[in-house]
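Here is how the chains run, residue by residue.
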Amino acid sequence: MTPRLTQEELAQIVTEVESLQTRREAELDQQQVKEILQEMNLPPELLDEAIVQLNRRQALSVQQRQNRWITSGVVAFLAVVSASTIFVMQQQNSALARVSAQQDRITLAQNNSSNLNTISRQSNPEVFYRVTLKDAPLGKKLALSCNWLDPNGQIVKQNSYQTRGINTSVWNTQCRHTINSDATVGKWQVQMFLEGRQISDETFQVN
């Protein structure tokens with residue numbers, strides 16, 4: 001059964017046939033090419049080799065275009081990945097920059113609402129520095145550290161730890177240090193850091 005065509009399809013077919021005829025008329029067979037070469041005083045026996053070289057150059061040109069497309073795609077992909085990484089890092093840094101200490105106090109092991117100002121070294125007490133953070137980033141783990149400084153400003157103890165996953169924007173954390181009986185008498189200081197940034201400090205007297 002002969003397919004039926006619309007006027008639009010017929011017009012498209014006529015255009016395509018005319019295009020094919022034009023290309024065919026423009027093409028030369030090998031005999032015609034050899035005759036042209038002879039007229040130009042060129043050796044026709046080199047025609048086959050010339051065709052091979054031409055095909056190679058055309059294939060190389062196609063391969064180079066493909067390589068350029070691939071390279072452009074890889075560069076674009078890496079640019080997107082780099083931009084995404086920078087954006088994520090900026091978001092993380094911004095979230096960490098908002099974290100601050102809402103409250104801090106010195107206590108012993110028994111946690112109560114008081115803030116100790118004086119510690120007796122004779123009982124070798126374990127001193128806790130309890131800090132309440134605000135604007136803690138939900139779902140993240142924070143890298144915290146504490147420095148315990150004696151009256152001479154010397155760091156006698158450092159705590160470094162990572163919190164568990166934050167599940168509330170107000171977050172309680174703590175670090176600890178045992179004050180030995182031979183500890184230096186005077187005013188001590190404890191500092192808390194978040195990713196190397198100091199967020200709080202407190203002083204207490206050791207007798």
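Once a new chain begins, its residue numbering starts again from 1 and follows that chain's sequence as written. Selection of residues for local features in this predicted model requires a pLDDT of at least 70, selection of side-chain atom pairs for listing and counting requires 80 or more, and totals for whole chains, interfaces and linings are taken over all residues. Here the side-chain values reflect all heavy atoms present in the structure, with hydrogen atoms and water set aside.

**Student:** So what about the overall build of the protein chain? Which residues, and what values?
**Tutor:** Every helix listed is a DSSP run of H or I at least four residues long, and every strand listed is a run of E at least two residues long, numbered separately from the N terminus. In terms of regular secondary structure, the protein chain is built from three helices and eight strands. Starting at the N terminus and ending at the C terminus, the protein chain contains elements arranged as α-α-α-β-β-β-β-β-β-β-β. Within these notes, the globule rule equals 2.2 Å times the number of residues to the 0.38 power, and the radius of gyration is based on C-alpha atoms. Against the compact-globule benchmark of 17 Å for 207 residues, the protein chain has a radius of gyration of 40 Å, which places it well outside the compact range. C-alpha atoms of the protein chain, sized along the principal axes, occupy 115 × 50 × 25 Å. Burial here depends on accessible area, computed with a 1.4 Å probe over protein chains only, as a share of the maximum for the residue type. Under 20% is buried, over 50% is exposed, and the range in between is partly exposed. By the burial criterion, 24% of the 207 residues in the protein chain qualify as buried. Put simply, of all contacts in the protein chain between residues at least 6 apart along the chain, 57% involve residues at least 24 apart. Only heavy atoms matter for contacts: two residues are in contact if any of them lie within 4.5 Å across the pair.

**Student:** I'd love a proper account of the sheet that holds strand E1 (residues 100-107), names of residues and values included.
**Tutor:** The strand order across the open sheet formed by three strands is E1-E3-E6, and the pairing between neighbours is antiparallel. Each edge of the open sheet carries a strand with a single partner, namely E1 and strand E6 (171-178). The mean angle between the axes of side-by-side strands here comes to 20°, regardless of whether they run parallel or antiparallel. Note: two strands are recorded as paired if DSSP finds a minimum of 2 bridges between them. When strand E3 (residues 126-134) meets E6, the two strands line up antiparallel, connected through eight bridges. Residue pairing across strands places Thr 132 opposite Asn 172, the latter belonging to E6. Working convention: axes come from line fits to C-alpha atoms, limited for helices to the stretch in contact. Angles between N-to-C directions cover 0 to 180 degrees.

**Student:** Residue-level account of the sheet that holds strand E5 (residues 155-162), with values.
**Tutor:** The mixed open sheet is built from five strands, whose spatial order is E2-E8-E7-E4-E5. Sheet topology places strand E2 (118-119) and E5 at the edges, where each strand pairs with a single neighbour. Of the strand pairs in this sheet, strand E4 (residues 143-149) and E5 are connected by seven bridges, and their pairing is antiparallel. Each residue of the ladder has a partner; that of Asn 147, found in E5, is Gln 158.

**Student:** Any details on the nonpolar core? Residues and values, ideally.
**Tutor:** Here the nonpolar core consists of buried residues drawn from Ala, Val, Leu, Ile, Met, Phe, Trp, Tyr and Cys, with membership extended through side-chain atoms lying within 4.5 Å. Of all hydrophobic cores here, the largest spans 25 residues; its most connected members are Tyr 129, Leu 133, Trp 148, Ile 179, Val 190 and Phe 204. If you list the elements that add at least two residues to this core, you get E3, E4, E6, strand E7 (186-194) and strand E8 (197-206).

**Student:** Break down unusual backbone geometry for me, citing the residues and quoting the values.
**Tutor:** Phi is positive for Asn 124, which is not a glycine, with a value near 45°. Locating Asn 124 in the fold gives a position in the loop between E2 and E3. For Glu 195, which is not glycine, the phi torsion reads 55° and is therefore positive. Looking at the element boundaries, Glu 195 is found in the loop between E7 and E8.

**Student:** Let's hear about the environment of Arg 176: which residues, and what values?
**Tutor:** Locating Arg 176 in the fold gives a position in strand E6. For Arg 176, a relative accessible area of 38% gives the class partly exposed. Ignoring anything within four residues of it in the chain, the contact list for Arg 176 reads Glu 126, Val 127, Phe 128, Trp 148, Lys 157 and Asn 159.

**Student:** Mind laying out the confidence of the model for the protein chain, listing which residues take part and the relevant values?
**Tutor:** A residue's pLDDT is the predictor's confidence in that residue, given on a scale from 0 to 100. On average, residues of the protein chain score 87 in pLDDT, and 96% of them reach the 70 mark or higher. Between the elements of the protein chain, mean pLDDT differs from a low of 79, seen in helix H2 (residues 30-39), to a high of 97, seen in E4.

**Student:** Describe the pairing of E3, with residues and values.
**Tutor:** Most of E3 sits out of view: seven of its nine residues are buried. Inspection of the sheet shows E1 paired to E3 by seven bridges, in the antiparallel sense. The partner of Asp 104 across the bridge, within E3, is Val 131.

**Student:** Kindly report on the state of the cysteines, identifying the contributing residues and their values.
**Tutor:** Disulfides are defined in this document as cysteine sulfur pairs within 2.5 Å. Here the structure, examined in full by the defined rule, presents one disulfide. Two residues share a disulfide in this structure: Cys 146 and Cys 175, whose sulfurs sit 2.1 Å from each other. In this structure the cystine formed by Cys 146 and Cys 175 twists about its S-S bond by roughly -85°; its chirality is therefore left-handed. Here the residue Cys 146 occupies a position in strand E4, and Cys 175 occupies one in strand E6, the gap between them amounting to 29 residues. Each member of the pair, Cys 146 as well as Cys 175, is classed as buried.

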